[in-house]
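# Structural characterization, general
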Amino acid sequence: MNEYFDVVVCGGGTSGIPAAISAARNGMKVALIEKSSGLGGSNTNAMVSPLMTFHAGEKQVIRGIAQEIVDRLSERSATPGHVRDTIGMVSTITPIDTEALKMLYFEMLSAEPNISVLLGSPITKATVKQNAIQSITVSGRYGKIVISGKTFIDATGDGDIINLSKENYVMGRTKDGMSQPMSLMFKVSGVDLQKVRDYISNNPEQFIWNSQCSVDEYLGVSGFFSHVKRAQENGDLTIPRDRVLFFQGLVDGEVTVNMTRVIKLSAVDAYDLTKAEFEGHAQVDETVRFLKKYIPGFENCRLQAVANSIGVRESRRLSGTYTLTANDVINNQQFDDSVAVCAFPIDIHSPDGSALDWERNERFGCFDIPYRTMLPKKVTNLIVTGRCISATHEALAAARISATAMALGEAAGLACAMSVKEDVDVGKINVGALQKNLLKQGAIAGKKYV
Ligand SMILES: Cc1cc2nc3c(=O)[nH]c(=O)nc-3n(C[C@H](O)[C@H](O)[C@H](O)COP(=O)(O)OP(=O)(O)OC[C@H]3O[C@@H](n4cnc5c(N)ncnc54)[C@H](O)[C@@H]3O)c2cc1C
């Protein structure tokens, strides 16, 4: 790896992989550096599924490499594709087999000769001279490796490169700096889904439900409020959660549960993160016991798999050239320098309680994400993508979603390629040309292109 790269993508997750592919397909020599031994980030290591969301109402707002990933999963029978969201939070969700996604990413990256992948390699240092990153350093049991490049992409989710290059960032909500909770995802098998469907039909008041959907569709379930309350009153459920939230899996009787909630800990502090993993695992145990005892259809369920690592919704966020706001989300804002679209509402899992709040003006609307949210104020050759872009706590609660992270990654990779080819800072590329090039490679650069 002691080579010089055009584009160094830091983090091989949801956003980093499309970033690397996009740069490589534009002729760049790319390094993709990942701290874990696997690829895919939150969607694989943290078991986050389904992907959300490719549609605003009837209109598809995310295509490009993100759609290519879905198509290739579909060829492996590892997704039913985009299906209606029975919860009604978004118009479509895209259930995926997260194990198949791991396989697919290895296959996709093997087919890209311009990408050199380095796994098991946490980036611990960035060397910056005259406001430009010269190199990053990874540290492992093998010692240290220095990787130099012309441009860098922070796709670490946690904004590690923002931090290491001494760019400005913020964490948490304005009033107290607290971030959204972390959640350890898990799968259970042996669920009698017909019993769940019957229960929903007979007790609709217990659920957040999309009235246009039938209970026979692919199931996303948000509810069982009174069951959760009763279990909490009985002392059988202590986690700060007001509902059961799960999604049907691709195998009969299997569901992915998004219920654990670890609050008031920092995802970028090793001691806190360790504590969060311990708390998360204890919560999984407790939740499975609760599901078996209280939820119709789960009586004989069995813990099938627990995510390799706890999922982090929010940590460092860039203080960039433009900061996306709640108003931008709520008003479905369009921007001249849009590079991707997001059709997810503001979805705040309370940092200090049990609530889950959604906010959206026009149901199933969408907003643009401007290129400036990816641009630091000082460092001239760094683009930030995924869930550490410049957004307020509230706006990130919408923009952090997987399909949008993939679309942002594709834009970041292309923007770096243009910066290298034109020999200009990443902030000086022609954004109109970036949008046109995104469209050429099959992506959607903003609402006006939908
Ligand atoms: C519990 C939970 C539930 C969610 N539910 C949904 C959902 O239902 N649908 C949906 O679409 N989205 C959901 N999301 C949001 C979504 O999964 C994430 O916001 C998105 O995947 C983030 O993408 P990313 O590329 O920014 O980060 P990641 O996918 O996390 O990728 C970051 C990568 O960088 C690597 N990395 C980090 N630091 C370093 C370093 N120093 N050196 C090298 N590598 C590093 C990591 O190992 C990782 O592979 C959920 C998130 C969580 C946590």
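Details of the structure are given in the entry above.
Right, let's walk through the structure included here. (Residues numbered from 1 in each chain as written. Predicted model: local features only at pLDDT ≥ 70, side-chain atom pairs only at ≥ 80, totals over all residues. Heavy atoms only, no water.)

### A look at the layout of surface pockets
Applied cut-off: A pocket, in this scheme, is an open set of points on a 1 Å grid over the protein atoms alone with protein on both sides within 12 Å along at least 5 of 7 lines, while a cavity is a set where a 1.4 Å probe fits but cannot get out; residues line either one if an atom lies within 4 Å of a point. Grid points are joined across faces, edges and corners, and a volume is the space filled by probe spheres set on the points. Only DSSP runs of H or I reaching four residues or more are called helices, and only runs of E reaching two or more are called strands; each is numbered from the N terminus. Each residue is assigned to one class: nonpolar for Ala, Val, Leu, Ile, Met, Phe, Trp, Tyr, Cys and Pro, charged for Asp, Glu, Lys and Arg, and polar for all the others, Gly among them.
Within this model, the second largest pocket holds a volume of roughly 180 Å³. Lining the second largest pocket are Ala 132, Lys 150, Thr 151, Thr 380, Asn 381, Ser 419, Val 420, Asp 423, Val 424, Asp 425 and Val 426. Elements with a contribution of two residues or more to the lining of the second largest pocket: β10 (143-154) and α10 (402-422). Split into classes, the residues belonging to the lining of the second largest pocket amount to four nonpolar, four polar and three charged.

### Notes on empty space enclosed by the protein
Tallied over the full model, the rule gives two cavities of 30 Å³ or more. When its volume is computed, the largest cavity comes out at roughly 50 Å³. Considered as a void within the structure, the second largest cavity measures approximately 40 Å³ in volume. In terms of lining residues, the second largest cavity is bounded by Val 61, Ile 62, Arg 63, Ala 340, Val 341, Ala 407, Glu 410, Ala 443 and Ile 444. Of all the secondary structure elements, the ones that give two or more residues to the lining of the second largest cavity are β20 (338-342) and α10. Of the residues that constitute the lining of the second largest cavity, the class distribution is seven nonpolar, no polar and two charged.

### A word on the pattern of salt bridges
Test applied: Counted as salt bridges are all cases of a side-chain nitrogen of Lys or Arg within 4 Å of a carboxyl oxygen of Asp or Glu.
Considering all chains together, one arrives at 20 salt bridges under this definition. Here Lys 195 and Glu 299 are joined by a salt bridge, their closest N and O atoms 3.0 Å apart. Taken together, the positions of Lys 195 in helix α5 (residues 193-202) and Glu 299 in the loop between α7 (270-294) and β17 (302-306) put the pair 104 residues apart, joining distant regions of the chain. Its salt-bridge partner being Glu 233, residue Lys 229 comes within 3.5 Å of it at the nearest N-O pair. With Lys 229 and Glu 233 both in helix α6 (residues 225-233), this residue pair falls four residues apart, about one helical turn. If you follow the salt bridges from partner to partner, you end up with Arg 25, Glu 68, Arg 72, Arg 76, Glu 107 and Glu 112 in one network.

### Observations concerning the packing of helix α2 (residues 64-75) against helix α3 (residues 98-110)
Convention followed: Lines fitted to the C-alpha atoms define the axes, with helices restricted to the stretch that makes contact. Angles between their N-to-C directions range from 0 to 180 degrees. By definition in this entry, angles of less than 35 degrees are roughly parallel, angles greater than 145 are roughly antiparallel, angles of 65 to 115 are roughly perpendicular, and the rest are oblique. In this scheme the handedness of a crossing depends on how the near helix is turned from the far one: anticlockwise by less than a right angle means left-handed, clockwise means right-handed. Contacts are assigned to residue pairs with any non-hydrogen atoms lying within 4.5 Å of each other.
In contact at an axis separation of 10 Å, α2 and α3 are set at 115 degrees when each is read in the N-to-C sense. With respect to their mutual orientation, α2 and α3 come out roughly perpendicular. Considering how the two elements wind past one another, α2 and α3 form a crossing that is right-handed. Note on element contacts: α3 touches α2 through Ala 100, Leu 101, Leu 104, Tyr 105, Glu 107 and Met 108, opposite Glu 68, Ile 69, Arg 72 and Leu 73.

### Structural notes on the pairing of strand β2 (residues 30-33)
Regular strands show a simple pattern: their side chains alternate between the two faces of the sheet. Selection criterion: When accessible area is computed with a 1.4 Å probe and restricted to protein chains, residues below 20% of their type maximum are described as buried, those above 50% as exposed, and intermediate ones as partly exposed. The rule for pairing is simple: two strands pair if DSSP sees at least two bridges between them.
A two-sided burial pattern is seen for β2, the buried positions comprising Val 30 and Leu 32 on one face and Ala 31 and Ile 33 on the other. Relative to β2, strand β1 (residues 4-10) runs parallel, the two sharing four bridges. By the bridge assignment, Val 9 is partnered in β2 with Leu 32. Bridging between β2 and strand β7 (residues 115-118) involves four bridges; their strand directions are parallel. Looking at β7, one finds that Ala 31 is bridged to Ser 116.

### Regarding the pairing of β1
What counts, and what does not: Handedness of a crossover is defined as follows: orient the strands so they point away from the viewer, and if the path from the first strand over the helix to the second runs clockwise, the crossover is right-handed.
Here β1 lies mainly inside the structure; six of its seven residues are buried. Bridging between β1 and β10 involves six bridges; their strand directions are parallel. By the bridge assignment for β10, Phe 5 is matched with Gly 149. Regarding topology, helix α1 (residues 16-25) serves as the crossover connection from β1 to the parallel β2, and that connection is right-handed.

### Section: the site of the ligand
What counts here: Near is defined per residue: the residue qualifies when any heavy atom it owns lies within 4 Å of the molecule or strand. Counted as a polar contact is a pair of N or O atoms within 3.5 Å, where, for protein atoms, one must be capable of donating a hydrogen and the other of accepting one, and residues adjacent in sequence contribute only when both atoms are in side chains. All accessibility values rest on the Shrake-Rupley procedure with a 1.4 Å probe; residue burial counts only the protein chains present in the view.
What surrounds the ligand is a group of 33 residues, the closest being Thr 14, Glu 34, Pro 50, Asp 160 and Arg 400. A distance of 3.1 Å is found between a nitrogen atom of the ligand and a backbone nitrogen or oxygen belonging to Lys 35. Contact between the ligand and Ser 42: an oxygen atom at 2.8 Å from a side-chain N or O atom of the residue. Protein burial of the ligand: of its 1,000 Å² of free accessible surface, 95% is covered by the chains. For the shell around the ligand, the secondary-structure elements that each account for two or more residues are β18 (311-312) and α10. Its residues placed into classes, the shell around the ligand shows 12 nonpolar, 15 polar and six charged.

### Regarding the environment of Tyr 271
Position of Tyr 271 among the secondary structure elements: in helix α7. Tyr 271 gets classed as exposed once you look at its relative accessible area, which sits at 71%. Residues Tyr 271 and His 82, spaced 189 residues apart in sequence, show a C-alpha to C-alpha distance of 39 Å.

### Here we look at the nonpolar core
Nonpolar side chains tend to gather and get buried jointly when the protein is soluble and globular. Let me state the cut-off plainly: In this description, a nonpolar core means a group of buried Ala, Val, Leu, Ile, Met, Phe, Trp, Tyr and Cys residues linked to one another through side-chain atoms lying within 4.5 Å.
In this structure, Val 9, Val 30, Ile 69, Tyr 371, Ile 383 and Leu 434 are the most contacted members of the largest nonpolar core, which totals 88 residues. Per-element tally for this core: the top contributor is α10, with 12 residues. When residues no more than four places from it in sequence are discounted, the contact partners of Tyr 371 are Asp 337, Val 339, Ile 383, Ala 415, Val 426, Ile 429, Val 431 and Leu 434. By size, the runner-up hydrophobic cluster in this structure holds 40 residues, among which are Met 47, Ala 231, Val 284 and Phe 290.

### A short note on the sheet that holds strand β14 (residues 220-223)
What the five strands build is an open sheet, ordered β14-β15-β16-β13-β17; its pairing is antiparallel. Both outer strands of the open sheet, β14 and β17, are each paired with one neighbouring strand and no more. Pairwise comparison of adjacent strand axes, ignoring direction, gives a mean angle of 25 degrees for this sheet. The pairing of β14 with strand β15 (residues 244-248) spans four bridges and is antiparallel. Bridging from a neighbouring strand, Gly 223 pairs with Val 244 of β15.

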